[in-house]
Amino acid sequence: MIKDNGVTDVTSIDSIITVSVVGGVAKPRPSKEVKNSNLDSSLDNKDNKSIVDKPRKA
Amino acid sequence: MATTAVSTLGKYEFFRYGWTARIAWVKLYTDADVLVDQQAMTLEHTVGMGEMTMAAPVVFDVAAETTDVSYVTIGYTTGTPLDIVFYTKTLAELYDFPTEGTLTISSWEFTVGGTYLLPAGRDDLCDNGWTSLVTWVKCYNSSDVLLNSQSLTFSASTGTGIMSATAPIVFEIATGGAAYYMTFGYTDGTDVVLYKRLYATTYTFTTAGRLTIGTWTITL
């Protein structure tokens, strides 16, 4: 008899969110949060901001 | 302050039911965990892709003088605990609203991943979960010849969010069999294969014997 005592596998969920605001003002997070957040951001026009959170790359 | 993560109950719901049928709302919070606004939300699933997206943009109303708008959560409301939070997503930046305004989520894409997931497995993880579906596990050699099939059930824990086989799997392997991988799934007219797991090594049987998988856990 052969026994494989333990099989442990991992699945994952990543997400990318795009956000825009009207009437709000964006400000960077304190550096200690940004360090671990793995987030990128970009601006799409003058009045509204579009933020894209990219998943962590393997 | 919240961090981006799947909650333990979100993991449980993922394996037990899938997310698309369960998630009902999205809530917006400040960095101090104060609720800003709540809106209905529907997740849709792209068949074969393992991706879930919002059915429509979500627009939050934000009151004047709200500061440090920070993160969103998704979930549904039930008995106890009242709110089941599946997932928390921290926004890239904080937002201050000196005047009344709106914050819109124009798109939100979720991607399900895993080394051994097959397309049907991704689909059912999004829409149905696995624990109520899986009924069998099959062992194959490297030439895709079936060596043995056994019944299999998984259960998911609300305490850990981990999905585990409810009993050891014991394959009966004939002489000369060389176990290379196993699959699990269910039969709905035809076999629906959700998962293909390669063994760490090929188990070769010079005489007839048994291959036992003592435990099998899948985490998110």
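Predicted, not measured: the structure shown is a model, and the values here were computed from it.

### Focus: the nonpolar core
Residue and element names in this part refer to chain B. Counting 66 residues, the largest nonpolar core has Val 69, Leu 103 and Trp 130 as its most contacted members. In terms of residues, this core owes the most to one element, strand β8 (residues 83-97), which gives seven residues. Among residues more than four places away in sequence, those in contact with Trp 130 are Phe 15, Asp 124, Leu 125, Phe 154, Met 163 and Leu 194.

### Let's talk about helix α2 (residues 119-127) of chain B
Every α-helical turn comprises 3.6 residues, leaving residues that sit three or four positions apart pointing alike. All of the buried residues along α2 of chain B are Gly 121, Arg 122, Asp 123, Asp 124, Leu 125 and Cys 126 of chain B. Contact partners of the buried residues in α2 of chain B: α1 (8-16), β4 (43-46), β5 (51-54), β9 (101-114) and β16 (190-204) of chain B.

### Thoughts on the confidence of the model for chain B
Residues at a pLDDT of 70 or more form 100% of chain B, whose mean pLDDT is 95. Interface predicted TM-score (ipTM) for the complex: 0.85; the corresponding pTM is 0.85.

### Details of α1 of chain B
Residue and element names in this part refer to chain B. Within α1, seven of the nine residues are buried, which leaves the element mostly enclosed by the surrounding structure. Every buried residue of α1 is accounted for by Gly 10, Lys 11, Tyr 12, Glu 13, Phe 14, Phe 15 and Arg 16. Elements that come into contact with the buried residues of α1 comprise β1 (5-6), β8, α2, β12 (154-156) and β13 (163-165). Directly beyond the C-terminal end of α1, a positive phi value near 80 degrees is found at Gly 18.

### So, unusual backbone geometry
Residues and elements named next belong to chain B. Despite not being glycine, Asp 68 shows a phi value in the positive range, around 55 degrees. Locating Asp 68 in the fold gives a position in strand β7 (residues 66-77). C-beta crowding within 10 Å serves as the criterion here: with 17 such atoms nearby, Asp 68 is assigned to the partly exposed category. With a phi close to 65 degrees, Asp 144 is a non-glycine residue in the positive phi region. Its place among the elements puts Asp 144 in the loop between β10 (136-140) and β11 (146-151).

### A few points about the interface of chain B and chain A
Frequently, the measure chosen for interface size is the accessible area that the parts lose on association. Listed as interface residues are 46 residues of chain B and, on the opposing side, 35 residues of chain A. Elements with a contribution of two residues or more to the side of chain B that touches chain A: β8, β9, β16 and β17 (209-219) of chain B. With 14 residues, β9 of chain B is the largest single contributor of residues to the side of chain B that touches chain A. Among the residues forming the side of chain B that touches chain A, the class breakdown is 23 nonpolar, 16 polar and seven charged. Pairing geometry for strand β2 (residues 25-27) of chain A and β8 of chain B, over three bridges, is antiparallel. If you follow Val 25 of chain A over to β8 of chain B, its bridge partner there is Asp 96 of chain B.

### A short note on the pairing of β11 of chain B
All names here are of chain B. The pairing of β10 with β11 spans five bridges and is classified as antiparallel. Following the sheet pairing, Cys 139 is matched in β11 by Asn 148. Taking the residues that link successive antiparallel strands as the turn, the β10-β11 hairpin has five residues, and the phi of Asp 144 there is positive, at about 65 degrees.

### Remarks on the domain arrangement of chain B
Residues and elements named next belong to chain B. In terms of domain boundaries, chain B breaks down into domain 1 (5-111) and domain 2 (130-218). Here the C-alpha centroids of domain 1 and domain 2 sit 36 Å apart. Tallying the contact residues gives six residues for domain 1 and eight residues for domain 2. When the residues that make up the side of domain 1 that touches domain 2 are grouped by side-chain class, the tally is three nonpolar, one polar and two charged.

### Re the sheet that holds β16 of chain B
Strands in a sheet are paired, the pairing made by backbone hydrogen bonds, and the direction either parallel or antiparallel. Residue and element names in this part refer to chain B. Strand order in this open sheet of four strands is β11-β10-β15-β16, and the pairing throughout is antiparallel. In this open sheet, the two strands that pair with only one neighbour each are β11 and β16. Across the sheet, the mean angle from the axis of one strand to that of its neighbour is 20 degrees, orientation sign disregarded.

Calculation rules
Residues numbered from 1 in each chain as written. Chains lettered and ligands numbered in written order. Predicted model: local features only at pLDDT ≥ 70, side-chain atom pairs only at ≥ 80, totals over all residues. Core = buried A, V, L, I, M, F, W, Y, C linked by C-beta atoms within 7 Å. Buried ≥ 20, exposed ≤ 12 C-beta atoms within 10 Å, placed from the backbone. Helix = DSSP H or I, 4+ residues; strand = E, 2+ residues; numbered from the N terminus. Contact = placed C-beta atoms within 7 Å. pLDDT = per-residue confidence, 0-100. Nonpolar A, V, L, I, M, F, W, Y, C, P; charged D, E, K, R; others polar. Pairing = 2+ DSSP bridges. Domains from an automatic or database assignment. Axes fitted to C-alpha atoms, helices over the stretch in contact; angles between N-to-C directions.

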